[in-house]
Amino acid sequence: MLDPRIIREHPEEVKKALARRHAGFEGQIDEWLKVDQENRAAVAELERLRQRKNEISNDVKTGKITKEKAQEESKELKEKVPALEELQRQLDEKGNGMLLGIANAPDPTVPDGKDENENVELKKWGTIPKIDKPKEHDEIAKALGILDFERGVKIAETRFTVVMDMGAKLERALMNFMLDMHAGKGYREVFPPIMVNRDCMVGTGQLPKFDGDFYKCEGENLYLVPTAEVPVTNLYRDEILKEEQLPIYHCAYTPNFRREAGSAGKDTRGYIRQHQFNKVELVKFCLPENSNDEHEKLTLNAEAVLEALGLAYRRILLCGGDMGFSAQKCYDLEVWFPGQNRYREISSCSNFGDFQARRANLRYKPADGGKPRYMHTLNGSGLAI
RNA sequence: GGAGAGGUGGCUGAGUGGUCGAAAGCGGCUUCCUGCUAAGAAGUUGUACGGUCAAAAGCUGUACCGAGAGUUCGAAUCUCUCCCUCUCCGCCA
């Protein structure tokens, strides 16, 4: 979430930055400021009453007043404090809930624009293969007998696919290839739980705003991970690391589960927009001053996979209107699909600044002995399989 | 699933109603001392949000001993509910 202090002190700047998302978040800032002000007033009053309470019990202790007198003095407090506590708790919850629903502010280097048409192409790599009448991947896969869409639907439901024989082997080979590649470049491999609790989902920004996009276990406080970003970024939740421990790089393979609730009718063909898919994810934790550099390096690490596989791709800088909720800056990598005669997203590499760190309470103790500070987090697909 | 034990500061671990944000030890930091393969001495050492201040330091207020609720003038300490961990038994890939 955004820094409450910055919103209080520079509301206009924050609103201006959020306006670049073209999603109406700026209006929520004013609402939050109102709630915040009420909340702070309630806290001040509450602290005053509690101070009085402590004085009374202290006076009993030192024999300054009798118990009877203390009871009498406390009578009013005993009515006021619980009521005020309840009010303050509600205001706090309300303000916090609002903050959790407000997206990250775009970085100044993010281009203006309201949708994907205004993204900026930054680079292209590789040669687009010349193929006579290229076939779609699902045609080829069906012919080879390596993807079975019908049985996937039978076993689960639509958008689930069975991968067979050389297809399964290819899937597994790519997974290993990517993990080995990143692990060789300093990313510590981690295989996390693929179910996470709600705190994790809030920590990385999936919840509360996007409730319904994910699979939740009935009667349990557990969600199937929509990306390894969630368990891996939350590894150090509520911890204070030492500055010397940063940066931390992790790579992780997990299956990913998404309900794709809003995408009915989109990409209904083939192995593209599945409810379950495999991905190797890169996650970084670093000092605030290094996150921009780390973002560039992470994106190059993801690109290296495409280059090693000899696949033509391009890098896109997302405009303000097309960025994900938690990101302050995001590059998409798009790989050439001969059968569709266009580039399609294969990776998304984001710098979250301290947005996730604030939600997940990811801090580090500076080497100079200062107060704990929020670290920065980044992640990128490296890649979706 | 059944039975029992327990959740305290970076760690170990005291603390059963007030003098407890919390003994002690370890670890960390600072200073001092010693010429010998590092030891000793002293001090210091939680987090968040406020106030004071030009600011920092300092001082100061409130909260935090798994979470929530209750009893009380006063709760780490008593009561209730929940969560989690450990041990044993059962079941099981």
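Trainee: Residue-level account of the overall build of chain A, with values.
Mentor: Scanning chain A from N- to C-terminus turns up eleven helices and 15 strands. Dimensions of chain A along its principal axes, counting C-alpha atoms only, are 95 × 45 × 40 Å. A burial count over chain A gives 31% of its 385 residues as buried. Taking the contacts inside chain A whose residues are at least 6 apart along the sequence as the reference set, 73% of them involve residues at least 24 apart.

Trainee: Please give an account of the sheet that holds strand S7 (residues 239-242) that cites residues and values.
Mentor: Within the open sheet, the three strands sit side by side as S7-S13-S14. Their pairing is mixed. The open sheet has two free edges, formed respectively by S7 and strand S14 (373-374), since each of these has just one partner strand.

Trainee: Describe the pairing of strand S15 (residues 376-384), with residues and values.
Mentor: For S15, a buried count of eight out of nine residues is recorded, marking the element as mostly surrounded by other parts of the structure. As defined by bridge partners, strand S12 (residues 342-351) adjoins S15 across three bridges and the pair is classed as antiparallel. Residue pairing across strands places Ser350 opposite Asn379, the latter belonging to S15.

Trainee: So what's going on with the protein's contact with RNA strand B? Residues and values would help.
Mentor: Around RNA strand B, 18 residues are found, and the nearest of them are Arg50, Asn54, Ser57, Val60 and Ala70. When contributions to the surface near RNA strand B are tallied by element, the ones reaching two or more residues are helix H3 (25-61) and helix H4 (67-100). Examining the composition of the surface near RNA strand B, we find that eleven residues originate from one element, H3, more than from any other. Looking at the surface near RNA strand B, its residues break down into seven nonpolar, five polar and six charged.

Trainee: Any details on the sheet that holds strand S4 (residues 188-189)? Residues and values, ideally.
Mentor: The sheet built from eight strands is open, its strands ordered S1-S10-S11-S12-S15-S9-S8-S4 with mixed pairing. Whereas interior strands pair on both sides, the edge strands pair on one side only; in this sheet they are strand S1 (120-125) and S4. Taken strand by strand, helix H10 (residues 291-308) contacts S1, strand S9 (276-286), strand S10 (313-317), strand S11 (329-337), S12 and S15, and its axis lies near 5 degrees from that of S15.

Trainee: With reference to specific residues and values, describe the nonpolar core.
Mentor: Among the nonpolar cores identified, the biggest contains 51 residues, and Leu2 and Ala302 are the most heavily contacted of them. Once you skip the residues sitting within four places of it in the chain, Leu2 turns out to touch Ile7, Val14, Leu99, Ile102 and Ala105. If you look at the next biggest cluster of nonpolar residues, it comprises eight residues, including Phe285, Ala360, Tyr364 and Met375.

Trainee: Let's hear about the packing of helix H7 (residues 165-183) against H10: which residues, and what values?
Mentor: In contact at an axis separation of 11 Å, H7 and H10 are set at 130 degrees when each is read in the N-to-C sense. Put simply, H7 runs oblique to H10. Relative to H10, H7 is oriented so that their crossing is right-handed. Residues Met178, Met181 and His182 of H7 form the contact with H10, whose participating residues are Asn301, Ala304, Val305 and Ala308. Classifying every residue of the contact of H7 with H10 by side-chain character gives five nonpolar, two polar and no charged.

Trainee: Give me the lowdown on unusual backbone geometry, citing residues and values where you can.
Mentor: In this structure, Pro247 follows Leu246 across a cis peptide bond, with omega equal to 0 degrees. That bond from Gly382 to Leu383 is cis: its omega, 5 degrees, falls within 30 degrees of zero. Locating Leu383 in the fold gives a position in strand S15. Not every positive phi belongs to a glycine, and Arg159 is a case in point at roughly 75 degrees. By the element assignment, Arg159 lies in the loop between helix H6 (149-155) and strand S3 (162-163). A residue is classified by how many C-beta atoms lie within 10 Å of it, and Arg159, with 21 of them, is buried.

Trainee: Describe the environment of Asp112, naming the residues involved and giving the relevant values.
Mentor: Looking at where Asp112 falls in the secondary structure, it is placed in the loop between H4 and S1. Note on Asp112: 12 C-beta atoms within 10 Å, which makes it exposed. A sequence separation of 15 residues divides Asp112 from Gly97, and the C-alpha atoms of the two residues are 28 Å apart.

Trainee: So what's going on with the packing of helix H2 (residues 11-19) against H3? Which residues, and what values?
Mentor: The N-to-C vectors of H2 and H3 enclose an angle of 150 degrees; their axes lie 8 Å apart at closest approach. Considering the angle they form, H2 stands roughly antiparallel to H3. Residues Pro11, Val14, Lys15, Leu18 and Ala19 of H2 lie in contact with H3, whose contacting residues are Phe25, Glu26, Ile29 and Leu33. Considered class by class, the residues forming the contact of H2 with H3 number seven nonpolar, no polar and two charged.

Trainee: Break down the environment of Asp267 for me, citing the residues and quoting the values.
Mentor: With respect to the helices and strands, the residue Asp267 is situated in the loop between strand S8 (248-257) and S9. On a C-alpha basis, the gap between Asp267 and Arg159 in space is 9.7 Å, while along the polypeptide they are 108 residues apart. Sequence-distant contacts of Asp267, defined by excluding residues within four places in its chain, comprise Ile272 and Arg273.

Trainee: Give me the lowdown on the confidence of the model for chain A, citing residues and values where you can.
Mentor: Put simply, chain A has an average pLDDT of 93, and 100% of its residues get 70 or more. Predicted as a complex, the structure gets a pTM of 0.92 and an ipTM equal to 0.83.

Trainee: Please set out the environment of Pro111 residue by residue, giving values where relevant.
Mentor: When you line up the elements, Pro111 lands in the loop between H4 and S1. Using a count of 15 C-beta atoms within 10 Å as the deciding quantity, one classes Pro111 as partly exposed. C-alpha of Pro111 to C-alpha of Leu33: the two residues are 78 residues apart in sequence and 28 Å apart in space.

Rules used throughout
- Residues numbered from 1 in each chain as written.
- Chains lettered and ligands numbered in written order.
- Predicted model: local features only at pLDDT ≥ 70, side-chain atom pairs only at ≥ 80, totals over all residues.
- Helix = DSSP H or I, 4+ residues; strand = E, 2+ residues; numbered from the N terminus.
- Buried ≥ 20, exposed ≤ 12 C-beta atoms within 10 Å, placed from the backbone.
- Contact = placed C-beta atoms within 7 Å.
- Pairing = 2+ DSSP bridges.
- Near = placed C-beta within 6 Å.
- Nonpolar A, V, L, I, M, F, W, Y, C, P; charged D, E, K, R; others polar.
- Axes fitted to C-alpha atoms, helices over the stretch in contact; angles between N-to-C directions.
- Core = buried A, V, L, I, M, F, W, Y, C linked by C-beta atoms within 7 Å.
- Parallel < 35°, antiparallel > 145°, perpendicular 65-115°, else oblique.
- Left-handed = near helix turned anticlockwise from the far one by under 90°.
- pLDDT = per-residue confidence, 0-100.

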